[in-house]
Amino acid sequence: MNVSYHGHSVVKIETNEKTILIDPFITGNGNCDLDASTVKADVILLTHGHNDHVGDTVDIAKRNDSFVVAPFELATYLGFKGLNTHPMHIGGAHEFDFGKVKLTQAFHGSAYTEDENQQIVYTGMPTGILFTYEGKTLFHAGDTGLFSDMKLIGERNDIDLAFLPIGDNFTMGPEDASVAAEWLQAKQVVPIHYNTFPLIEQDGQAFANSLSNGMGKVMEVGESIEL
């Protein structure tokens, strides 16, 4: 599979059969190179309900008839908006025709803010995503602080590529993310969720350089990795 990074926490996975988007926050994301009005997606995977992760999901999914996989409450909320959703929850896994998805815990919040009526809609527990396709495993941590069960995730999964937030303030900062990287034992670790807004400005290259065994890799916007 081909995996590309598109700013903030946006990741695109292209397999032989499907195009999959994770957390497609495009509109309002000054670091994103995708166009929400033209981007293709057969599948959308969501880690949690914050606006900077749900992003353009509704518009993209309606235009592409995308299949949306999300934590239960978020999937239900998006189903009310007419999307084709599959609900999951922490610890659960499912074999889809496009690959295996398993949700892990994440320590964060999860609610969607409806600006038009200033309502905050609870969207369940935040999660990370383990995605496996043809023997290769990608881990997208979503938004999270450091937690010790990352050791267990690393021990029980052979992770080829991990995306970890380093922005601090709302998620792990670089120091905690470095610990998470060591615990996860991924072959490559890419920093995400930084430099989108002034409050989460970080030096991604310094983070990558801090990791042992050359596992750290900064992906420029639009850059891809073949797994």
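Residues numbered from 1 in each chain as written. Predicted model: local features only at pLDDT ≥ 70, side-chain atom pairs only at ≥ 80, totals over all residues. Heavy atoms only, no water.

**Considerations on the overall build of the protein chain**
- The number of helices and strands found in the protein chain is 6 helices and 15 strands.
- The burial tally for the protein chain puts 53% of its 227 residues in the buried class.
- Of all intrachain contacts in the protein chain linking residues separated by at least 6 positions in sequence, the fraction that spans at least 24 positions is 59%.
- Carbon and sulfur atoms make up 46% of the accessible area of the protein chain, which amounts to about 9600 Å² in all.
- For the protein chain, the distance from the average position of its 13 positive side-chain charges to the average position of its 31 negative side-chain charges is 7 Å. (Helix = DSSP H or I, 4+ residues; strand = E, 2+ residues; numbered from the N terminus. Buried < 20%, exposed > 50% of the residue type's maximum accessible area, 1.4 Å probe, protein only. Contact = heavy atoms within 4.5 Å. Areas by Shrake-Rupley, 256 points an atom, 1.4 Å probe, with all protein chains shown as cover. Lys, Arg positive; Asp, Glu negative; His and termini not counted. Charge placed at Lys NZ, Arg CZ, Asp CG, Glu CD.)

**Considerations on the pattern of salt bridges**
- Taken as a whole and judged by the stated rule, the model has 5 salt bridges.
- Salt-bridge contacts for Lys81 lead to Glu114; the nearest nitrogen and oxygen are separated by 4.0 Å. Placement of the pair is Lys81 in the loop between α3 (72-80) and β6 (84-88) and Glu114 in strand β9 (residues 111-114), with a sequence separation of 33 residues.
- Between Asp158 and Lys187 there is a salt bridge, with its nearest N and O atoms 2.6 Å apart. Of this pair, Asp158 sits in the loop between α4 (150-156) and β13 (161-165) while Lys187 sits in the loop between α5 (174-184) and β14 (188-192), placing them 29 residues apart in sequence.
- The class for Asp158 is exposed, based on a relative accessible area of 54%.
- Because the salt bridges share partners, they merge into one network encompassing Lys136, Asp158, Asp160 and Lys187. (Salt bridge = Lys/Arg side-chain N within 4 Å of Asp/Glu carboxyl O.)

**Comments concerning the UniProt feature "domain: Metallo-beta-lactamase" (unreviewed entry) in the protein chain**
- Following the UniProt record, one finds the feature "domain: Metallo-beta-lactamase" (unreviewed entry) at residues 7-193.
- Structurally, residues 7-193 is divided into 21% helix and 33% strand, and its ends, taken at the C-alpha atoms, are 8 Å apart. (UniProt positions renumbered as here; feature names shortened; annotations may be inferred.)

**Looking at the side chain of Asp52**
- Tracing the backbone shows Asp52 in helix α1 (residues 51-54).
- For the buried Asp52, which has no salt bridge, the nearest side chain bearing the opposite charge is Lys81, at an N-O separation of 16 Å.
- Here the side chain of Asp52 touches His8 through a polar contact of 2.8 Å, side chain to side chain.
- If sequence neighbours within four positions are ignored, Asp52 has contacts with His8, Phe25 and His193. (Polar contact = N/O pair within 3.5 Å; in protein donor to acceptor, adjacent residues only side chain to side chain.)

**Thoughts on the packing of aromatic side chains**
- In total, this model carries 6 aromatic pairs according to the counting rule given.
- Relative to Phe96, the ring of Phe67 has its centre 5.7 Å away and its plane inclined at 70°; by these criteria the two rings are edge-to-face. Of this pair, Phe67 sits in strand β5 (residues 67-71) while Phe96 sits in strand β7 (residues 93-96), and the two are 29 residues apart along the sequence.
- Using a relative accessible area of 12% as the deciding quantity, one classes Phe96 as buried.
- Judged by centre distance (5.7 Å) and plane angle (40°), the rings of Tyr77 and Tyr112 are tilted. Linking Tyr77 in helix α3 with Tyr112 in strand β9, this pair joins segments that are 35 residues apart in sequence.
- Ring pairing ties together the aromatic residues Phe67, Phe96, Phe98 and Phe131, which thus form one cluster. (Phe/Tyr/Trp six-rings, centres within 6.5 Å; stacked < 30°, edge-to-face > 60°.)

**Overview of unusual backbone geometry**
- If you check the backbone angles, His8 has positive phi at about 55° while not being a glycine.
- Relative to the helices and strands, His8 is located in the loop between β1 (2-5) and β2 (11-14).
- Exposure remark for His8: the relative accessible area of 0% places this residue in the buried category.

**A closer look at the pairing of β14**
- In terms of burial, β14 is largely enclosed, as 4 of its 5 residues are buried.
- In the sheet, β13 pairs with β14 via 5 bridges, with the strands oriented parallel. Counted as the bridge partner of Leu164 is Pro191 from β14.
- Handedness of the crossover joining β13 and β14 through α5 is recorded here as right-handed. (Pairing = 2+ DSSP bridges. Right-handed = clockwise from strand over helix to strand, strands pointing away.)

**What about the sheet that holds strand β3 (residues 19-22)?**
- In space, the 7 strands of this open sheet follow the order β6-β5-β4-β3-β2-β1-β15, with mixed pairing throughout. A single partner strand is all that each edge strand has here, and the edge strands are β6 and β15 (224-226). Averaged over all pairs of adjacent strands, the angle between strand axes in this sheet comes to 20°, irrespective of strand direction.
- Pairing analysis gives 3 bridges linking β3 to strand β4 (residues 43-45), with the strands arranged parallel. Across the sheet, Ile22 pairs through a bridge with Leu45, a residue of β4.
- Helix α2 (residues 57-64) contacts β3, β4 and β5 of the sheet and is inclined by roughly 160° relative to β4. (Axes fitted to C-alpha atoms, helices over the stretch in contact; angles between N-to-C directions.)

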